[in-house]
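Residues per chain are reported as follows:
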Amino acid sequence: MGGIKHFQRLFKYDDWANRQVLGLLPIAPARSLELLAHIFSAERLWWERLHQRTQSFPVWPNFPLKQCAQQAEEVPLLWREFFNSQPDLDQVISYKNTIGESFSSRIEDIVMHVYTHSAYHRGQIAVDIRESGGTPLNTDLIHCVRQGFVE
């Protein structure tokens with residue numbers, strides 16, 4: 001399906017898109033901050049599951065803007081380190097979800113889930129901004145590529 005280089009590219013885009021949204025938060029509805037905090041927490045949570053680590057934050061944390069900005073710096077570095085380690089994307093890992101249920105999934109499926117999950121919630125943020133009378137930024141992948149932010 002993907003391959004390490006493909007996912008590195010997608011996560012570089014994800015980082016760019018999250019930072020674009022972060023820049024709008026001071027003028028966005030409060031729910032937008034909650035959604036972006038959830039994106040960062042979920043991206044970190046899945047990285048922690050891949051490394052068999054304890055969950056750092058609740059799935060829906062109450063991050064102020066400053067903590068979202070901090071996560072915008074930290075979380076992409078975790079994922080870059082992960083992809084640079086050249087993981088076996090076909091490897092199956094076992095983990096527990098937030099209510100203690102056990103699952104096993106391929107790393108490639110987890111990584112794709114993280115990517116699509118974040119895009120889904122950025123879409124919700126765009127709707128929130130539009131419904132509050134604002135204009136959301138274009139965080140589409142193709143726009144990012146056309147602007148040269150991702151090759």
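For the structure given in this document, a descriptive report is provided here. The model shown is predicted, which means the values in this text are computed figures rather than measured ones. (Residues numbered from 1 in each chain as written. Predicted model: local features only at pLDDT ≥ 70, side-chain atom pairs only at ≥ 80, totals over all residues. Heavy atoms only, no water.)

**With respect to the overall build of the chain**
And step 1. Of the regular secondary structure elements, the chain holds five helices and two strands.
And step 2. Along the chain, helices (α) and strands (β) appear in the sequence α-α-α-β-β-α-α when read from the amino end.
And step 3. In terms of C-alpha radius of gyration, the chain reaches 15 Å, essentially the compact-globule figure of 15 Å for 151 residues.
And step 4. Considering only C-alpha atoms, the chain reaches an extent of 45 × 35 × 20 Å along its principal axes.
And step 5. Looking at the chain residue by residue over its 151 residues, the buried ones come to 44%. (Helix = DSSP H or I, 4+ residues; strand = E, 2+ residues; numbered from the N terminus. Rg over C-alpha atoms; globule rule 2.2 N^0.38 Å. Buried < 20%, exposed > 50% of the residue type's maximum accessible area, 1.4 Å probe, protein only.)

**Structural notes on the side chain of Arg49**
And step 1. Turning to its location among the elements, Arg49 is positioned in helix H2 (residues 30-50).
And step 2. Of the side chains with opposite charge, Glu48 lies nearest to the buried Arg49, which makes no salt bridge, at 7.5 Å.
And step 3. A polar side-chain atom of Arg49 sits 3.5 Å from the main-chain carbonyl oxygen of Lys96. (Lys, Arg positive; Asp, Glu negative; His and termini not counted. Salt bridge = Lys/Arg side-chain N within 4 Å of Asp/Glu carboxyl O. Polar contact = N/O pair within 3.5 Å; in protein donor to acceptor, adjacent residues only side chain to side chain.)

**Quick word on the packing of helix H3 (residues 65-84) against helix H4 (residues 107-131)**
When two helices pack together, their arrangement is given by the angle between the helix axes and by the axis-to-axis distance.
And step 1. Following both chains from N to C, one finds H3 and H4 inclined at 155°, their axes separated by 14 Å at the closest point. Relative to H4, the element H3 is oriented roughly antiparallel. Crossing of H3 over H4 shows left-handed handedness. When H3 is examined against H4, the residues Trp79, Phe82 and Phe83 are found in contact with a partner set consisting of Ile107, Val111 and Val114.
And step 2. Considered class by class, the residues forming the contact of H3 with H4 number six nonpolar, no polar and no charged. (Axes fitted to C-alpha atoms, helices over the stretch in contact; angles between N-to-C directions. Parallel < 35°, antiparallel > 145°, perpendicular 65-115°, else oblique. Left-handed = near helix turned anticlockwise from the far one by under 90°. Contact = heavy atoms within 4.5 Å. Nonpolar A, V, L, I, M, F, W, Y, C, P; charged D, E, K, R; others polar.)

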